[in-house]
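Structural features, examined
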Amino acid sequence: MGGSDLGRGGGPVGAEQMIAEARKAFFVMFAFLAVVWLLQLANYADDYAFSRDYGVVSGDVASLPDILSAPFLHWSWAHIESNSGPLFVFGFLAAYRGVARFLGLSLLVALTSGLVVWFFERGDVDTVGASGLIFGYFGYVVVRGIFDRHLIDTLIGVVMAASFAYMLTVAVPGTPGVSWLGHLGGLIGGLAGAWIFRDRRPRTLPATGSGSGTGTGSGTPTPPQNSANPRADLHKELGDLGLL
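Note that this is a predicted model, so its numbers are computed, not measured. (Residues numbered from 1 in each chain as written. Predicted model: local features only at pLDDT ≥ 70, side-chain atom pairs only at ≥ 80, totals over all residues. Heavy atoms only, no water.)

Overview of the overall build of the chain
Tallying secondary structure elements over the chain gives 8 helices and 2 strands in all. From first element to last, N terminus to C terminus, the chain shows the α and β order α-α-β-α-α-β-α-α-α-α. Burial statistics for the chain: of 244 residues in total, 38% are counted as buried. Looking at the chain alone, contacts between residues at least 24 apart form 74% of all its contacts between residues at least 6 apart. Element-wise, carbon and sulfur atoms account for 66% of the exposed surface of the chain, whose accessible area totals about 13900 Å². (Helix = DSSP H or I, 4+ residues; strand = E, 2+ residues; numbered from the N terminus. Buried < 20%, exposed > 50% of the residue type's maximum accessible area, 1.4 Å probe, protein only. Contact = heavy atoms within 4.5 Å. Areas by Shrake-Rupley, 256 points an atom, 1.4 Å probe, with all protein chains shown as cover.)

Below, the structure written as structure tokens:
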């Protein structure tokens, strides 16, 4: 695992570029939370009609598009308050290495979380909330450094795993009062996303010199090329020595 980042061309990423990406990640998550809270205000004013109309209902084909809208909606102020902090922290950590990659990850996690709910939840439940995204970002942050072979991200993953391991208790079958299926589906999406969106660094090969025994441009001699007919060479050398 290397401790330095590589850009698209394989060169090192400077501190200024990393700070710029982190700044973008901050504003993306700030805007995301602003949208979620504005929708909560409208949702509350309409007696949570948005959550009833745009939540994921298991087995209901008409609710399949709502997989993309459900993460923005919540059922109560306590619901959105409990999600906002973890959503911002894990979202920022998932986004600070590249916003474009983060958007792809978010789409993947929303799909896996929503589809697990759609296939396996009870049919009389409208499921909404950003919890699936939170668990997806958490899983991604924990294992991303391993797949990217990046020391800093690996250390961040270890710290996050040790600090928030208790979250996994609400992603196990039968957890009452929460959509544990949405949590589990999001976690699966985040782990898969760490592999799908991993850094694909080009493999660099050492430079080799050209020429036969004359050396390279750097002054490093290259070994002489072997003859295509070593037997003839041996006869010639013995003849030169007068042995043949």
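Points about the packing of helix α5 (residues 131–148) against helix α6 (residues 151–164)
One can describe the packing of α5 onto α6 by two numbers: an axis separation of 7 Å at closest approach and a directional angle of 140°. Regarding α5 and α6, the two cross each other, and that crossing is left-handed. Contact with α5, carried on its side by Phe138, Val141, Val142, Arg144, Gly145 and Ile146, involves Asp153, Thr154, Ile156, Gly157, Met160, Ala161 and Phe164 of α6 and no other residues of that element. For the contact of α5 with α6, the per-class residue count stands at 8 nonpolar, 3 polar and 2 charged. (Axes fitted to C-alpha atoms, helices over the stretch in contact; angles between N-to-C directions. Left-handed = near helix turned anticlockwise from the far one by under 90°. Nonpolar A, V, L, I, M, F, W, Y, C, P; charged D, E, K, R; others polar.)

Description of the pattern of salt bridges
Using the criterion set out here, one finds 8 salt bridges in the structure. For the salt bridge of arginine 97 with aspartate 153, the shortest nitrogen-to-oxygen distance reads 1.9 Å. Placement of arginine 97 in the loop between α3 (77–95) and α4 (99–120) and of aspartate 153 in helix α6 is noted, with a sequence separation of 56 residues between them. Residues arginine 97 and aspartate 153 agree in their burial class; the two are buried. In this structure, aspartate 153 and arginine 144 form a salt bridge, with 3.5 Å as the shortest nitrogen-oxygen distance. Across the pair, exposure class does not vary: aspartate 153 and arginine 144 are buried alike. (Salt bridge = Lys/Arg side-chain N within 4 Å of Asp/Glu carboxyl O.)

A closer look at the environment of phenylalanine 119
For phenylalanine 119, the location among the structural elements is in helix α4. A residue is classified by how much of its surface remains accessible, and phenylalanine 119, at 55% relative accessible area, is exposed. Between the C-alpha atom of phenylalanine 119 and that of leucine 181, which follows or precedes it by 62 residues, the distance is 9.7 Å.

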